[in-house]
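Examination of the molecular architecture
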Amino acid sequence: QVQLVESGGGLVQAGGSLRLSCAASGRTFSNYGMGWFRQGPGKEREFVAGITWSGGRTDYADSVKGRFTISRDNAKNTVYLQMNSLKPEDTAVYYCAADLVLRRTVVTRIHQAYDYWGQGTQVTVSS
């Protein structure tokens, strides 16, 4: 079992920044990849960013590339999503997820590949 708890969401004006955190517990955090997904109103859940177990590889959706940065601190069992230059279209519930394939060497964008999910944190960007 893995427990994931997101924090850091909120209301921000367009152009602003937020940093989301996801604290993990229950298994050896440093062995598995992590991802961030989001689901906006009336939209399907979509991949935002992912990072491999070591942090050596990252991947981003085209819509956030250059604005968002995913990172992890394995000593703190935490993954982060730094979001800059936020736009109203970034408004969504953001979820972190754990990919429990042991030390997968690539980031997967497929949400079915992720085994555990957090409860989500709301991000609202006003224009």
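Structure shown above.
A brief look at the structure comes next. This structure is a prediction, so every number in the text was calculated from the model and none was measured.

1. As for the pairing of strand E4 (residues 33-39)
Counting buried positions over the 7 residues of E4 gives 6, a clear majority of the element. Relative to strand E5 (residues 46-51), E4 is paired through 5 bridges, and the arrangement is antiparallel. Across the sheet, Phe-37 pairs through a bridge with Phe-47, a residue of E5. Turn length for the E4-E5 hairpin, with the two strands adjacent in sequence and antiparallel, is 6 residues, and the turn residue Gly-42 shows positive phi of about 70°.

2. Describing the sheet that holds strand E1 (residues 3-7)
Across the sheet, 4 strands lie side by side as E1-E3-E8-E7; this open sheet has antiparallel pairing. Strands with a single pairing partner mark the edges of an open sheet, and in this sheet they are E1 and strand E7 (68-73). Averaged over all pairs of adjacent strands, the angle between strand axes in this sheet comes to 15°, irrespective of strand direction. Relative to strand E3 (residues 18-25), E1 runs antiparallel, the two being bridged by 5 bridges. The residue of E3 that forms the bridge with Ser-7 is Ser-21.

3. Thoughts on the nonpolar core
In this structure, Met-34, Trp-36, Leu-81, Met-83 and Tyr-94 are the most contacted members of the largest nonpolar core, which totals 34 residues. Listing elements by their share of this core, those giving two or more residues are E3, E4, E5, E7, strand E8 (78-83), strand E9 (92-99) and strand E11 (121-126). Setting aside residues no more than four positions away along its own chain, Met-83 makes contact with Gly-16, Ser-17, Leu-18, Leu-20, Arg-67, Phe-68, Tyr-94 and Val-123.

4. Overview of the pattern of salt bridges
Applying the stated criterion across every chain yields a total of 6 salt bridges. Across the pair Lys-65 and Asp-62 runs a salt bridge, and its minimum N-O distance is 3.3 Å. Note that Arg-67 and Asp-90 form a salt bridge whose closest N and O atoms lie 2.8 Å from each other. Here Arg-67 is found in the loop between strand E6 (58-60) and E7, whereas its partner Asp-90 is found in the loop between E8 and E9, with 23 residues between them in sequence. When its relative accessible area of 10% is taken as the criterion, Arg-67 is described as buried. In the salt-bridge network here, residues are joined through shared partners; they are Arg-38, Glu-46, Arg-67 and Asp-90.

5. A short note on the state of the cysteines
Considering all chains together, one arrives at 1 disulfide under this definition. Cys-22 shares a disulfide with Cys-96; S-S distance 2.0 Å. Measuring the twist about the S-S bond at about 50°, one finds the Cys-22-Cys-96 disulfide to be right-handed. Of this pair, Cys-22 sits in strand E3 while Cys-96 sits in strand E9, and the two are 74 residues apart along the sequence. Neither Cys-22 nor Cys-96 differs from the other in exposure class; each is buried.

6. Here we look at empty space enclosed by the protein
Gaps between atoms show up when a probe of the same size as a water molecule is rolled over them. In total, this model carries 1 cavity of 30 Å³ or more according to the counting rule given. In this structure, the largest cavity occupies an estimated 30 Å³ of space. Around the largest cavity sit Gly-33, Met-34, Ile-51, Thr-52, Asp-99, Arg-104, Val-106, Val-107, Thr-108 and Tyr-114, which together line it. Partitioning the lining of the largest cavity into residue classes produces 5 nonpolar, 3 polar and 2 charged.

Cut-offs used in this document
- Residues numbered from 1 in each chain as written.
- Predicted model: local features only at pLDDT ≥ 70, side-chain atom pairs only at ≥ 80, totals over all residues.
- Heavy atoms only, no water.
- Buried < 20%, exposed > 50% of the residue type's maximum accessible area, 1.4 Å probe, protein only.
- Helix = DSSP H or I, 4+ residues; strand = E, 2+ residues; numbered from the N terminus.
- Pairing = 2+ DSSP bridges.
- Axes fitted to C-alpha atoms, helices over the stretch in contact; angles between N-to-C directions.
- Core = buried A, V, L, I, M, F, W, Y, C linked by side-chain atoms within 4.5 Å.
- Contact = heavy atoms within 4.5 Å.
- Salt bridge = Lys/Arg side-chain N within 4 Å of Asp/Glu carboxyl O.
- Disulfide = S-S within 2.5 Å.
- 1 Å grid on protein atoms, 1.4 Å probe; cavity = no way out; pocket = protein on both sides within 12 Å on 5 of 7 lines; lining within 4 Å.
- Points joined across faces, edges and corners; volume = space filled by probe spheres on them.
- Nonpolar A, V, L, I, M, F, W, Y, C, P; charged D, E, K, R; others polar.

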